[in-house]
Amino acid sequence: VQHDGGNAVCFYTPEMAAAATRRMLLTVHLTHAIERNEMYLVYQPIVDAKTGRVVSAEALLRWNHESLGAVSPGEFIPVAEESGLIVPLTDWVLSTAIGQMMRWNAEGVLPERVFLNISGQQFLRGNLTLRLEELLSGCPELRPHLGLEITEQAAVRDLKVAVKTLGELSALGIQTAIDDFGSGYSSLSYVQQLPVAKLKIDRAFVIDVPDNPKSNALVRAAVGMAHGLGLTTVAEGVETVEQRDFLVSVGCDLLQGYHFGRPMMPDLLADMVREQRQP
Ligand code: C2E
Ligand code: CA
Ligand code: CA
Ligand code: CA
């Protein structure tokens, strides 16, 4: 126990020690995860709110370690960011997803857009555009099918770099979305400055509609503001019919959540797309 002069006391609890040990363990195992084929991508459908058809998908990373079992991205992504392992990991996500998109394209089941998550660190590093150009050089036809999700916090951390990178990506035909909108501390004036095409409304708001009038007002305002700025809106975490109906009623453009489909293996997503394309 450390006494901090005044009346503030800092404890190192056994829980904190355990958490540090766990982070260290994850870092060690994460170093080998790619070469040991422990990583894979699942894809969650994103549907058109008006028609209910699957138009896009979000790629989500999964890690299955032989002794740790399934570790959630909510736990290992922050560890990867802290350790710098996010750089090779993101590269793996980009090349794996693009490879998958090529196969889907060949089978005629490529969604309009496939969105990948880019961590703030990776986004602000500067060579993301170059790397994507390189990966897409053999398959330029995929460019208009690729989308990137960047969190609000990342974009706001270095607005200048963010504006530049987002501009470069859009020049390549790659669409960008602000992820987890509303969950951060950023002000609306930032969003206006960011050249993005989509706004993803955080699940934290969606979870409370339509029973919480305040959440309803916030979601309605976010959709209205996005449309006013010429942006498309996506609501994430849609689990119920009531949530869906509310989001449709306020004009949200795209919907994503367990109600429409969980993150799934690529073949299952292809089946969904194929079924809906049949006349
Ligand atoms: P996110 O980008 O906000 O992704 C949405 C999360 O919500 C996913 O969790 C998804 O499985 C979950 N979700 C979708 N619909 C529902 C629903 O109806 N109800 C509930 N309760 N949850 C729903 P997941 O896959 O565990 O990913 C967590 C976070 O990890 C992601 O949040 C993202 O920030 C990060 N992440 C995942 N994959 C990657 C990746 O490839 N790269 C990076 N940098 N981050 C990733
Ligand atoms: Ca996301
Ligand atoms: Ca999100
Ligand atoms: Ca989130």
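Because the structure is predicted, anything quoted here is derived from the model rather than measured.

Colleague: What should I look at first to understand the pattern of salt bridges in this one?
Modeller: Think of it this way: side chains of opposite charge can pair up when their charged atoms draw near. The full count for this structure, using the stated rule, is 10 salt bridges. Note that R131 and D91 form a salt bridge whose closest N and O atoms lie 2.6 Å from each other. Here D91 lies in helix α3 (residues 86–107) and R131 lies in helix α5 (residues 128–136), a separation of 40 residues in the sequence. Among the charged side chains, a salt-bridge network with shared partners connects E58, E149 and K200.

Colleague: Can you walk me through the site of ligand 1 in this structure?
Modeller: Taken together, 20 residues surround ligand 1, and among them Q44, R62, R203, E239 and Y258 come closest. Taking Q44, its side chain carries an N or O atom lying 3.0 Å from a nitrogen atom of ligand 1. Here a nitrogen atom of ligand 1 and a backbone polar atom of L61 are 3.1 Å apart. Across the complex, the protein chains shield 82% of the 800 Å² of accessible surface that ligand 1 would expose by itself.

Colleague: Help me out: how do you make sense of the confidence of the model for the chain in this one?
Modeller: Low-pLDDT stretches of the model should not have their predicted coordinates read in fine detail. Summing up the model confidence of the chain, the mean pLDDT is 93 and the portion of residues at 70 or higher is 95%. For this predicted complex, the interface score ipTM comes out at 0.98, alongside a pTM of 0.94.

Colleague: Would you take a moment to explain the side chain of T233 for this structure?
Modeller: Tracing the backbone shows T233 in strand β10 (residues 232–235). A distance of 2.8 Å separates the side chain of T233 from the side chain of D253, its partner in a polar contact. Leave out the neighbours within four places in its chain, and T233 touches L199, A222, V223, A226, H227, G251, C252, D253 and L254.

Colleague: I'm lost on the coordination of the calcium ion (ligand 2) in this one. Help?
Modeller: Four donors placed tetrahedrally about a metal ideally form angles of 109.5 degrees, and six donors placed octahedrally ideally form angles of 90 or 180 degrees. Every protein donor of the calcium ion (ligand 2) is accounted for by E58 (OE), N117 (OD1), E149 (OE) and D179 (OD), and the metal-donor separations fall at 2.2 to 2.3 Å. Site description for the calcium ion (ligand 2): donor spacing in sequence, E-x58-N-x31-E-x29-D. The metal-metal distance between the calcium ion (ligand 2) and the calcium ion (ligand 3) comes to 3.8 Å, with D179 coordinating both. Residue E149 is located in strand β7 (residues 146–151), and its partner D179 is located in strand β8 (residues 175–181); the two are separated by 30 residues in the primary sequence.

Colleague: Would you take a moment to explain a nonpolar patch on the surface for this structure?
Modeller: A surface patch of nonpolar side chains, amounting to about 280 Å² of accessible area, comprises Y40, M265 and L268. Structurally, the position occupied by Y40 is in strand β3 (residues 39–48).

Colleague: Whenever I open this one, the packing of helix α1 (residues 14–32) against helix α2 (residues 73–83) confuses me. Can you help?
Modeller: Two numbers describe a pair of packed helices, the interaxial angle and the distance between the axes. Where α1 contacts α2, the axes come no closer than 10 Å and their chain directions differ by 75°. The angle between the axes of α1 and α2 places the two elements in the roughly perpendicular class. On α2, the residues touching R22, R23, L26, T27 and L30 of α1 are E75, F76, V79, A80, E82 and S83. Broken down by class, the residue content of the contact of α1 with α2 amounts to 5 nonpolar, 2 polar and 4 charged.

Colleague: What is the right way to read the environment of M265 from this model?
Modeller: With respect to the secondary-structure elements, M265 resides in the loop between β11 (254–256) and α12 (266–277). A residue is classified by how much of its surface remains accessible, and M265, at 45% relative accessible area, is partly exposed. In sequence terms M265 and E35 are 230 residues apart; their C-alpha atoms lie 20 Å from each other.

Colleague: Mind showing me how you'd approach the pairing of β8 here?
Modeller: Residues in a regular strand project their side chains so that they alternate between the two faces of the sheet. For β8, a buried count of 6 out of 7 residues is recorded, marking the element as mostly surrounded by other parts of the structure. Here β7 pairs with β8 via 5 bridges, running parallel. Its bridge partner lying in β8, L148 is registered against T176. Here β8 pairs with strand β9 (residues 198–201) via 3 bridges, running parallel. Bridging across to β9, I178 finds its partner in L199.

Rules and cut-offs
- Residues numbered from 1 in each chain as written.
- Chains lettered and ligands numbered in written order.
- Predicted model: local features only at pLDDT ≥ 70, side-chain atom pairs only at ≥ 80, totals over all residues.
- Heavy atoms only, no water.
- Salt bridge = Lys/Arg side-chain N within 4 Å of Asp/Glu carboxyl O.
- Helix = DSSP H or I, 4+ residues; strand = E, 2+ residues; numbered from the N terminus.
- Near = heavy atom within 4 Å.
- Polar contact = N/O pair within 3.5 Å; in protein donor to acceptor, adjacent residues only side chain to side chain.
- Areas by Shrake-Rupley, 256 points an atom, 1.4 Å probe, with all protein chains shown as cover.
- pLDDT = per-residue confidence, 0-100.
- Contact = heavy atoms within 4.5 Å.
- Donors = N, O, S within 2.8 Å, 3.2 Å for Na, K, Ca; no water.
- Patch = residues over 30% accessible without salt bridge, like charges linked within 9 Å, V, L, I, M, F, W, Y side chains within 5 Å.
- Axes fitted to C-alpha atoms, helices over the stretch in contact; angles between N-to-C directions.
- Parallel < 35°, antiparallel > 145°, perpendicular 65-115°, else oblique.
- Nonpolar A, V, L, I, M, F, W, Y, C, P; charged D, E, K, R; others polar.
- Buried < 20%, exposed > 50% of the residue type's maximum accessible area, 1.4 Å probe, protein only.
- Pairing = 2+ DSSP bridges.

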